[in-house]
Amino acid sequence: MSFSKGPCECTLCMTAAGNDSWFSERYKPSVEPLLSRKNSAITDDVYRWWQSLQHERNPANYTVVVKQLLKLFPDNKRYIRPRLDRCRTCAVVGNSGNLLGSHYGRLIDLHDFVLRMNRAPTKGFEEDVGAKTTHRIIYPESAMDMENSTHLVLAPFKTLDLQWLISAFTTKNITRTYTGVRASIQADKSKVMVLSPVFIKYVYESWLQKHGRYPSTGFLTLVFALHVCDEVNVYGFGADRNGKWHHYFEKMVVNYNHTPHGGNYEYETVVQLSKKNKIQMFKGF
């Protein structure tokens, strides 16, 4: 007989009760991460904030676009909250160069969910980053083809992003946002999901305390995991052993201070989650 140590069957449940005011002030389990018929209507203040993120000019009618979206991608895939008889383990795999030489691949692939972001490759890096991908969080400008076993999770930052997703599976006529984008992508339509603008605003205000202009894809992925997983393990976040910030698949050093995201604050928040035993960080060294 096994005994749960919290509100799930994991040894360390991320949502375990406690008197940690820092975590409880930020984590709002009532906020639904995924856009659905039930929560598709958004308030004017959420819309104005979300629509201002990438300064889209003359956006289409949000309500009409979302109605089209939810006809094409039925919202029948929902993630239930933690429960006593479940332990859903999730690996959030970032793109840091600290993954190189880590040999984390097999460990990562043991998780129920393996979440990756943007175009981060696995081929040729399997020993360090694993081969399994159950969810890939993208935006139009970072889109790539998916395997049939992978959920495409769109992080939309403007109405045009929602239109692009519709177009990519139908007319294929949208080829440009603020830059060129792919007209279509290979993905299982039944596994397509969209993050809610309400969720994105919640991450920005509650978790990032309004640092930066809006959350990075990596940080959105992490908070998404906090909402759908019981145990969250994080790989490939932060600098490498030499203090350099770069992607494991690129040699170019990245300056996170010159992005729309509060890079330093995001990383400090991830470290704080680790210190409070809400996640476990694997740095590769």
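Just so you know, these numbers come straight off a predicted model, no measurement behind them.

> I keep staring at the environment of Leu99 and nothing clicks. Help me out?
Tracing the sequence through the fold places Leu99 in the loop between β1 (89–93) and α4 (105–109). Judged by relative accessible area, which is 0%, Leu99 ranks as buried. Taking the C-alpha atoms as reference points, Leu99 and Met144, separated by 45 residues in sequence, lie 21 Å from one another. If near-sequence neighbours (up to four positions away) are discounted, Leu99 is found in contact with Val93, Gly94, Tyr104, Asp128, Val129, Tyr235, Gly236 and Tyr248.

> In this structure, what is going on with the nonpolar core? I would like to understand it.
Nonpolar side chains tend toward joint burial in soluble globular proteins. Grouped together as the largest cluster of nonpolar side chains are 73 residues, with contacts concentrated most on Trp164, Leu165 and Trp207. No other element matches helix α8 (residues 217–228), which puts eight residues into this core. Once you skip the residues sitting within four places of it in the chain, Trp164 turns out to touch Ile138, Pro140, Ala143, Leu154, Ile174, Val181, Arg182 and Ile185. Counting residues in hydrophobic clusters, the runner-up holds eleven residues, among them Leu99, Ile108, Val114 and Tyr248.

> How should the packing of aromatic side chains be read in this particular structure?
Each aromatic ring pair is characterised by the separation of its centres together with the angle its planes make. For the structure shown, the criterion picks out 16 aromatic pairs. Between Phe73 and Phe169, the ring centres sit 5.2 Å apart and the planes meet at 85°, which makes this aromatic pair edge-to-face. With Phe73 in the loop between α3 (62–72) and β1 and Phe169 in helix α6 (residues 159–169), this pair connects stretches of sequence that are 96 residues apart. Phe169 carries the same exposure label as Phe73, and that label is buried. An angle of 10° between the planes, with centres 4.5 Å apart, marks the rings of Tyr235 and Phe282 as stacked.

> Help me out: how do you make sense of the UniProt feature "binding site: substrate" (unreviewed entry) in the protein in this one?
The positions that UniProt labels "binding site: substrate" (unreviewed entry) are, in the present scheme, Gln54, Asn95, Asn118, Tyr178, Tyr214, Gly218, Gly238, His247 and His261. If we skip the residues at most four places from it in the chain, Tyr178 touches Gln54, Tyr139, Glu141 and Lys158. For His247, the location among the structural elements is in the loop between β6 (231–235) and α9 (263–275).

> Looking at this structure, how should I read the state of the cysteines?
Defined simply, a disulfide is a covalent bond joining two cysteines at their sulfur atoms. Counted by the stated rule, this structure contains three disulfides. The partner cysteine of Cys8 in its disulfide is Cys13, sulfur to sulfur 2.0 Å. Negative torsions about the S-S bond denote left-handed disulfides, and the value of about -115° found for Cys8 with Cys13 makes this one left-handed. On the accessibility criterion, Cys8 (1% relative accessible area) is buried.

> Honestly, the pattern of salt bridges in this entry has me stumped. Any pointers?
A side chain of one charge can pair with a side chain of the opposite charge when the charged atoms of the two come close. All chains considered together, the criterion is met by ten salt bridges. Of the charged contacts, one joins Asp188 and Lys191 as a salt bridge, the two residues approaching to 3.1 Å between their closest N and O atoms. The structure contains a network of salt bridges with shared partners spanning Asp45, Lys201 and Glu205.

> Just to check I follow, could you spell out unusual backbone geometry for this structure?
Phi is mostly negative for residues that are not glycine, and the peptide bonds are mostly trans. Notably, Lys210 is not glycine yet its phi reads approximately 65°, a positive angle. Along the chain, the position of Lys210 falls in the loop between α7 (197–207) and α8. In the Ramachandran plot, Asn277 falls in the positive-phi region, its phi being about 60° despite a non-glycine side chain.

> How should the sheet that holds strand β2 (residues 113–117) be read in this particular structure?
Through backbone hydrogen bonds, the strands of a sheet pair up, either in parallel or in antiparallel fashion. If you walk across this open sheet you meet the seven strands as β5-β4-β3-β2-β1-β6-β7, and the pairing is parallel. Every interior strand has two partners, whereas the edge strands, β5 (192–194) and β7 (280–282), have only one. The sheet shows a mean angle of 20° between the axes of neighbouring strands, direction not considered. Those strands touched by α8 are β1, β2, β3 (135–138) and β6, and its axis lies near 160° from that of β2.

> Whenever I open this one, the side chain of Asn95 confuses me. Can you help?
With respect to the secondary-structure elements, Asn95 resides in the loop between β1 and α4. If we ignore the near neighbours within four places in the chain, the residues touching Asn95 are Met117, Ala120, Gly236, His246, His247, Tyr248 and Phe249.

> Quick question: what am I supposed to make of the packing of α7 against α8 here?
The interhelical angle for the contact between α7 and α8, taken along N-to-C directions, is 100°, at an axis separation of 11 Å. Taken as axis vectors, α7 and α8 run roughly perpendicular relative to one another. Across from Phe199, Ile200, Tyr202, Val203 and Trp207 in α7, the residues of α8 making contact are Phe219, Leu220, Val223, Phe224, Leu226 and His227.

> So what exactly am I meant to see when it comes to the confidence of the model for the protein here?
When pLDDT drops low, the exact placement of atoms in the prediction is not to be read closely. When the pLDDT values of the protein are averaged, the result is 90; 90% of them are 70 or greater. Low pLDDT, under 50, characterises residues 1–5; the predicted model gives this stretch four contacts beyond four residues in sequence or across chains.

> I keep staring at the environment of Gln54 and nothing clicks. Help me out?
Along the chain, the position of Gln54 falls in the loop between α2 (44–51) and α3. On the accessibility criterion, Gln54 (17% relative accessible area) is buried. It is 6.7 Å that separates the C-alpha atoms of Gln54 and Phe157, two residues lying 103 residues apart in sequence. Among residues more than four places away in sequence, those in contact with Gln54 are Phe157, Lys158, Tyr178 and Tyr214. Within polar-contact distance, the side chain of Gln54 engages the side chain of Tyr214 at 3.3 Å.

What counts and how
Residues numbered from 1 in each chain as written. Predicted model: local features only at pLDDT ≥ 70, side-chain atom pairs only at ≥ 80, totals over all residues. Heavy atoms only, no water. Helix = DSSP H or I, 4+ residues; strand = E, 2+ residues; numbered from the N terminus. Buried < 20%, exposed > 50% of the residue type's maximum accessible area, 1.4 Å probe, protein only. Contact = heavy atoms within 4.5 Å. Core = buried A, V, L, I, M, F, W, Y, C linked by side-chain atoms within 4.5 Å. Phe/Tyr/Trp six-rings, centres within 6.5 Å; stacked < 30°, edge-to-face > 60°. UniProt positions renumbered as here; feature names shortened; annotations may be inferred. Disulfide = S-S within 2.5 Å. Salt bridge = Lys/Arg side-chain N within 4 Å of Asp/Glu carboxyl O. Pairing = 2+ DSSP bridges. Axes fitted to C-alpha atoms, helices over the stretch in contact; angles between N-to-C directions. Parallel < 35°, antiparallel > 145°, perpendicular 65-115°, else oblique. pLDDT = per-residue confidence, 0-100. Polar contact = N/O pair within 3.5 Å; in protein donor to acceptor, adjacent residues only side chain to side chain.

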